[in-house]
Amino acid sequence: MSRKKLGFWTSSSLVVGNMIGSGIFLLPATLASFGSISLIGWIVSAFGAAALAFVFIEFSKMLPGTSGGPYVYSRNGLGDLAGFLVAWGYWVSIWCVNAAIAIALVSYLGVFFPVLQDNNVVAICTGLAIVWGVVWVNTLGIREAGIFSLITSILKITPLLAIGIFGLFYLKFENFRSFNISGVSDIQAITQAATLTFFAYMGIECATIPSGDIENPKRTIPRSTYFGLGVVTVVYMLGTTSLMGIIPPEELQYSQAPFADAAAIIWGPWAESLVAIGAIVSTLGALNGWILVQGQIPAAISRDKLFPKVFARENKNGVPAVGIVLSSILISLLMIMNYAKGLVSAFKFALLLSSMTALIAYLFTSVSYVMITAKKEGIIHGFRFKAILASIAFFFSIWAIAGSGMEIVYWGFLLLIGGLPVFVWMKIKNDSSK
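For every chain, the first residue of its written sequence is number 1, and the numbers climb from 1 along that sequence. This being a predicted model, a pLDDT of at least 70 is required before a residue's local features are given, and a value of 80 or more before pairs of side-chain atoms are given or counted; all residues contribute to the totals for chains, interfaces and linings. Based on all heavy atoms of the structure, the side-chain values leave hydrogens and waters out of the count.

Moving on to the overall build of the protein. Helix and strand assignments come from DSSP, with helices taken as H or I runs of at least 4 residues and strands as E runs of at least 2, each series counted from the N terminus. Within the protein, the secondary structure is distributed over 18 helices and 0 strands. Expressed along its principal axes, the backbone C-alpha trace of the protein runs to roughly 70 × 55 × 45 Å. The buried label applies to any residue whose accessible area, calculated with a 1.4 Å probe on protein chains only, is under 20% of its type's maximum; exposed applies above 50%, and partly exposed to all values in between. Expressed as a percentage of the 434 residues in the protein, the buried residues total 56%. When the accessible surface of the protein is summed, it comes to about 18000 Å², and 69% of that surface belongs to carbon and sulfur atoms. Asp and Glu are treated as the negative residues and Lys and Arg as the positive ones, with His and the ends of the chain left uncounted. By convention, the point assigned to a charge is CZ for Arg, NZ for Lys, CD for Glu and CG for Asp. The positive charge centre, built from 26 side chains, and the negative charge centre, built from 18, are 13 Å apart in the protein. Residue exposure ignores everything except the shown protein chains as possible cover, and the areas themselves are Shrake-Rupley values with a 1.4 Å probe.

Given below as structure tokens:
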């Protein structure tokens, strides 16, 4: 029986759904501390994201139907060790992020169910129930998970777009006169704003990861990636512009729920609940998308005999269910740790590490693309153009890693080399079985 696959719309929803998580609901408040100059930061980061999208799309054409995304692409150009380090860091970052998304989802539900804010036991049980409910959906089949992603993506985009569009009619242009209130130079302000906004584009590679489960991947992945990038950029830019124009910067930067505040101004107090529902759907959709991805990455490494073979084991629906379940156990442990007194700060630190390790994947993939293209095409005009775009993606990744801070880079390096014993063990095991 042939396996049901993802089409253009479900692939696009995976890109959109994984990029638009819970962060966008607070990001405009963070950017307000820079002033309207932060809108330039969005443009700069969108340009960097487009360069990264180009690299992933070109790789999807070189290796159509090959699942694994950044891992497969890095391994093809840089070898087993580089591929393993990318996959190891990326996999760890995914289950850390999923734990954070689940906790954010519970906090949004607390708006409607106060017991979740007052009782940690009820909160953690609710969070775990949601995680394992989404795991169950993903084990039904990748198409079913894709349809769920499509539905939640439409539901999450609708309130954000509505506020972004209708908010344009409530703009007060005097709110944009505070161009740079950050206290640093314009270049520094743009750099810092672009670093912050660049993290909102993480997930742009998600259509390439389940490539083997996508219909006509050579055509579908480029279209869905560029479409997803375009949709997300419009949502981000419209939302940030409207919020900055509606709410004065001195108020916006201290807002705990900027989209809810803007909705209340446009439609009245009842609209705050609409935004809270949008945040719940947004985080639920992101959780679904990243749980789908968290099974694909270890499965791809396992098929190449660089990870325990149990992670590649598929159920009757063609899903690497064992890998999803084992990864979700780690998510559950992180969530329990978050609600245990004294370990909250350690948990938050792990989340910062996840961003850094994901950026490592972008960096290695960009270098790998240049190497493979140089070997295939030689140093010709077409190669130089591709190398320039890949270099932009590379330097954007370095820029964002540097923006993570020295301490995060230090611990992120230790996290990556912490996976080396697994790599050595698998290599020895493979050599002894020959």
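Having seen it, we continue.
So, about a negative patch on the surface. A cluster of acidic residues, E250, E251, D261 and E272, forms a negative patch on the protein surface. Inspection of the secondary structure puts E272 in helix α13 (residues 271–303). With relative accessibility at 36%, the residue E272 sits in the partly exposed group. Patch construction takes residues with relative accessible area above 30% that form no salt bridge. Like charges are linked within 9 Å, and nonpolar side chains (Val, Leu, Ile, Met, Phe, Trp, Tyr) are linked within 5 Å. Any carboxyl oxygen of Asp or Glu within 4 Å of a side-chain nitrogen of Lys or Arg constitutes a salt bridge here.

Here we come to the packing of aromatic side chains. Only the six-membered ring of Trp is used, alongside the rings of Phe and Tyr, when aromatic pairs are assigned; centres must lie within 6.5 Å, and planes under 30 degrees apart are stacked while those over 60 apart are edge-to-face, with the rest tilted. Summed over all chains, the structure comprises 24 aromatic pairs. Centroid distance F198 to F396: 5.5 Å. Interplanar angle 45 degrees. Geometry classified as tilted. Here F198, found in helix α9 (residues 186–198), pairs with F396, found in helix α16 (residues 381–403); they are 198 residues apart in sequence, far enough to count as distant. The burial state of F198 is the same as that of F396; both residues are buried. When the centroid spacing of 5.1 Å and the interplanar angle of 75 degrees are considered together, the rings of F396 and W399 count as edge-to-face. Note that F396 and W399 are positioned in helix α16 at a spacing of 3 residues, about one turn of the helix.

Position of G183 among the secondary structure elements: in the loop between α8 (142–166) and α9. Judged by its relative accessible area of 76%, G183 is exposed.

Backbone geometry at N216 places phi at a positive 45 degrees, although glycine is not the residue there. Given a relative accessible area of 47%, N216 falls into the partly exposed group.

We now examine the pattern of salt bridges. Applying the stated criterion across every chain, the model contains 4 salt bridges. For D304, the salt bridge goes to R75, with nearest N and O atoms at 3.4 Å. Of this pair, D304 sits in the loop between α13 and α14 (321–339) while R75 is found in helix α4 (residues 70–78), placing the two residues 229 residues apart along the sequence. Take D304: its relative accessible area is 30%, and that puts it in the partly exposed class. Across the pair K427 and D80 runs a salt bridge whose closest N-O atoms are separated by 2.7 Å.

In a pair of packed helices, the angle between the axes and the distance between the axes together describe the arrangement. Axis angles are defined between N-to-C directions and span 0 to 180 degrees, where every axis is a line fitted to C-alpha atoms and, for a helix, only to the segment in contact. The interhelical angle for the contact between helix α5 (residues 80–109) and helix α18 (residues 420–432), taken along N-to-C directions, is 130 degrees, at an axis separation of 10 Å. Here α5 lies oblique to α18, going by the angle between them. Crossing handedness for the pair α5 and α18: right-handed. The segment α5 lies against α18, with D80, L81, F84, L85 and W88 engaging L420, V422, F423 and K427. Under the grouping applied here, Gly and all other residues not named as nonpolar or charged are polar, the nonpolar ones being Ala, Val, Leu, Ile, Met, Phe, Trp, Tyr, Cys and Pro and the charged ones Asp, Glu, Lys and Arg. Partitioned by chemical class, the residues of the contact of α5 with α18 number 7 nonpolar, no polar and 2 charged. Oblique is the label for any angle not covered by the other classes, which are roughly parallel (under 35 degrees), roughly antiparallel (over 145) and roughly perpendicular (65 to 115). Here a crossing is called left-handed whenever its near helix is offset anticlockwise from the far helix by less than a right angle, and right-handed whenever the offset is clockwise. Here, two residues are considered to be in contact whenever any of their heavy atoms come within 4.5 Å of each other.

Right, let's get into α18. With 13 residues, α18 should reach 18 Å at 1.5 Å per residue; the first-to-last C-alpha distance of 18 Å fits that figure. Considered for burial, the residues of α18 that qualify are F423, M426 and N430. Mapping the buried residues of α18 onto a view down its axis gives an arc of 70 degrees, with all of them on the same face. Projecting away from the buried face of α18 at angles above 90 degrees are the exposed residues P421, I428 and S432. Those residues of α18 that are buried lie in contact with α5. Here the expected length of a helix is defined as 1.5 Å per residue gap, with one fewer gap than residues. Read the arc as the range of directions from the helix axis to the C-beta atoms.

So, on to a nonpolar patch on the surface. On the surface, W132, V325, L326, I329, L333 and I336 cluster together into a nonpolar patch covering about 470 Å² of accessible area. It is α14 that provides the largest number of residues to the nonpolar patch, a total of 5 residues.

The next subject is the packing of helix α7 (residues 120–139) against α13. At a minimum axis separation of 10 Å, α7 and α13 run at an interaxial angle of 55 degrees. Of the possible angle classes, the one that applies to α7 and α13 is oblique. In the packing of α7 onto α13, the handedness of the crossing is right-handed. Of the residues in α13, those in contact with I130, V131, V134, V135, V137 and N138 of α7 are L284, L287, N288, I291 and L292. Looking at the contact of α7 with α13 residue by residue, the class counts come to 9 nonpolar, 2 polar and no charged.

Let's shift gears to α13. The end-to-end C-alpha separation of α13 is 49 Å, in line with the 48 Å expected for 33 residues at 1.5 Å each. For α13, the tally of buried residues reaches 27 of 33 residues, placing the bulk of the element in the interior. The first or second residue beyond α13 is K305, which carries a positive phi of 60 degrees.

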